[in-house]
Amino acid sequence: MFHKPNENKSQSITDGFHLVVDALKLNGIDTIFGVAGIPITDLARLAQAEGIRYIGFRHEQSAGNAAAIAGYLTKKPGICLTVSAPGFLNGMVALANATTNGFPMIQISGSSDRSIVDLQQGDYEELDQMNAAKPYTKASFRVSKPEDIGTGVARAIHAAVSGRPGGVYLDLTADVLAATLGNDAASRSLVRVVDPSPRQIPDPESIKRAIDLHASAQRPLIILGKGAAYAQADDAIRSFIEKTGIPYLPMSMAKGLLPDNHKQSAAAARSLVLSQADVVMLVGARLNWLLAQGKGPHWSQTAQFVQVDISATEIDSNRAIAAPVVADIGSAMSAFLAALKPGQIQPKAAWIDAIAERKQHNTERMAARLDGSPNPMNFYSSLRAIRDVLANRPDIYVVNEGANTLDFGRDIIDMHQPRQRLDCGTWGVMGIGMGYAIGAAVVSGKPVVAVEGDSAFGFSGMELETICRYHLPIVVVVFNNGGIYRGDDINRSGGADPSPTVLMRDARYDKLIEAFDGTGHNVTDPRSLTKALTVALASGKPALINCVIDPTAGTESGHLQNLNPQSQVGNEKKN
Ligand code: ADP
Ligand code: TPW
Ligand code: MG
């Protein structure tokens, strides 16, 4: 039976389904991403009937990825709704990925009869979901009484968005959803959350310490991470960087926080600045594998660090931090700007000149590669075409995953506005593509271009149907090199099966979207790629461009060869 809106209200009782929807609406949740089934089908229907937008997916992982990126873009928890056990587990990769990346997200799953689950008596979709979720989340709650739904939702919201944001699991038993409660008790039980991500004002001492350290620097550097992008303190960050004149390096999802062509960007002189900076300020960026843990030959061993982060336990995690500033980035940047005396921080001219020189050298080298017109296309010539189309459309979101497709895409596609580049992030996970694209398109109403390796695309490709069903302005470009990393690997045993990294060489991914009435394009040269992308974006309709590139163009593991323990035997083809 479908639980109609207000059906029970006139009878002065309500039920768990209505209470969940009321609790979400009371807290400004306007969108749910999910996959329907027992016991949450009616929850999805009711949410839709009550004015919450429900986006139905083909797989919970993509629904979860959409929720996670919606959380990142809006600073409100993105909601993913799933069925019990297998649906729950399908969503968990996305929830764990949200936790790892610091994206606020709540996965709400229905669950089976607790008394049967706990005695392992074999219920339909039996699993102890709350405990299974714990290691992968910031918090994991189960609601066992209908009058606790309001509290459960409130606690989930606080946990998701406070401090370093992350993934939260909220377990709703089928019994709780179906349980009834008097209307008066029900409305008293709801909680409107007040200020769930309060400002965290920095200690003035910590601000002074950081400024003094920077003032003593000869070769200062700022590294902006996706925490800085998430904070939405764009003006204060830009103003601090411009007032101090310090060169900065954007981590991949911080690209566009200042436009990539900003003169203080040191992105094109990355190895120089990492190895030579004497004071490095991390702003919402962790010293994890993406920065070689701050160690090794890439880094100056004598550099001193400032770290601005909302999470006190991040400090000293890899390198000793001389000047920690534990605060939210908006408050920290305002405090820096207020405390900074004119001319107090002044990078030495020799440092700025050395960076400019290296930038020019590297930019010229890159330009020569981008200008080539090899046949078949390689990553440079195809990404150059995409870069040039997107240069005229700064409003467009770019989703990017793959190995070479990711590494080249990050370096070649310039970003012009904050939070418009969404990629594999902290885990380097494949499969975020269609979920992120859908989440971004839904919450922003803006077009999205998803630049996908052919392998990466396969992890979420069935969501093309979702994209077409909701008529979303998403253009997927599949970089078809016929494989994971490249398409020319051989079976080293000489057997008939293809190599583990090889995919079908002549696959026509464009035909997939045609099955759902979207537009497919098959391109083999940059001019046709430019044309197809321009036409697809102008149409505002779903499209997929199968972009055929040289199967030999990529390198194994993209830019991560150092993380690849290569067998010494039978590995002559290693790149
Ligand atoms: P990147 O991958 O871009 O280097 P990370 O995800 O590693 O970025 O780091 C983001 C950091 O930003 C995390 O340590 C997180 O605690 C921090 N952070 C997130 N939001 C805020 C905020 N509003 N204010 C301050 N720090 C934040
Ligand atoms: C969930 C391992 C890293 S990169 C990649 C895989 C499978 C695909 C690379 O091929 P693609 O890109 O996308 O065609 P390109 O341009 O280099 O040819 N499973 C998960 N995550 C990861 N990271 C992997 C496997 C992997
Ligand atoms: Mg590939």
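Within any chain, residue numbers begin from 1 and follow the written order of that chain's sequence. Working convention: letters from A go to chains and numbers from 1 go to ligands, in the order in which they are written. Local features in this predicted model are restricted to residues whose pLDDT is 70 or higher, and side-chain atom pairs enter the listing and the counts only when it is 80 or higher, whereas totals over whole chains, interfaces and linings include all residues. Computation of side-chain values: all heavy atoms of the structure, hydrogens and water removed.

In the vicinity of ligand 1, 19 residues are found, and the nearest of them are Arg164, Lys226, Arg286, Asp309 and Ile329. Polar contact criterion, stated in full: a pair of N or O atoms within 3.5 Å, where within protein one must be able to donate a hydrogen and the other to accept it, and residues adjacent in sequence count only if both atoms are side-chain atoms. Here a nitrogen atom of ligand 1 and a backbone polar atom of isoleucine 329 are 3.0 Å apart. Considering ligand 1 on its own, with 580 Å² of exposed area, one finds that the protein chains cover 95% of that surface. Starting at the N terminus, helices and strands are each numbered in turn, a helix being any DSSP run of H or I of at least four residues and a strand any DSSP run of E of at least two. The leading source of residues in the shell around ligand 1 is helix α11 (residues 226–230), at three residues. Classifying every residue of the shell around ligand 1 by side-chain character gives eight nonpolar, six polar and five charged. A single heavy atom is enough: if one lies within 4 Å of a molecule or strand, its residue is considered near that molecule or strand. Only the protein chains shown count as cover for residues, with accessible areas throughout obtained via the Shrake-Rupley method and a probe of 1.4 Å. Throughout, the ten residues Ala, Val, Leu, Ile, Met, Phe, Trp, Tyr, Cys and Pro are labelled nonpolar, Asp, Glu, Lys and Arg are labelled charged, and all others, Gly among them, are labelled polar.

Once that is clear, we can look at the site of ligand 2. With respect to spatial proximity, 17 residues lie near ligand 2, and among them Asn404, Thr405, Gly428, Asp454 and Ala456 are the closest. Here an oxygen atom of ligand 2 and a backbone polar atom of alanine 456 are 2.9 Å apart. The backbone of tyrosine 485 places a nitrogen or oxygen atom 3.2 Å from an oxygen atom of ligand 2. Considering ligand 2 on its own, with 600 Å² of exposed area, one finds that the protein chains cover 76% of that surface. No other element matches helix α19 (residues 454–458), which puts three residues into the shell around ligand 2.

For the rest of this paragraph, the subject is the side chain of threonine 137. Note on placement: threonine 137 falls in the loop between α6 (129–133) and β6 (139–143). In this structure threonine 137 comes out as buried when scored by relative accessible area, which is 11%. Polar side-chain contacts of threonine 137 include one of 3.0 Å to the backbone oxygen of alanine 133. When neighbours within four sequence positions are excluded, threonine 137 is seen to be in contact with Leu95, Thr99, Gly167, Val168 and Tyr169. The classification of residues rests on relative accessible area computed with a 1.4 Å probe and restricted to protein chains. Under 20% of the type maximum is buried, over 50% is exposed, and intermediate values are partly exposed. Contacts are assigned to residue pairs that have any heavy atoms within 4.5 Å of one another.

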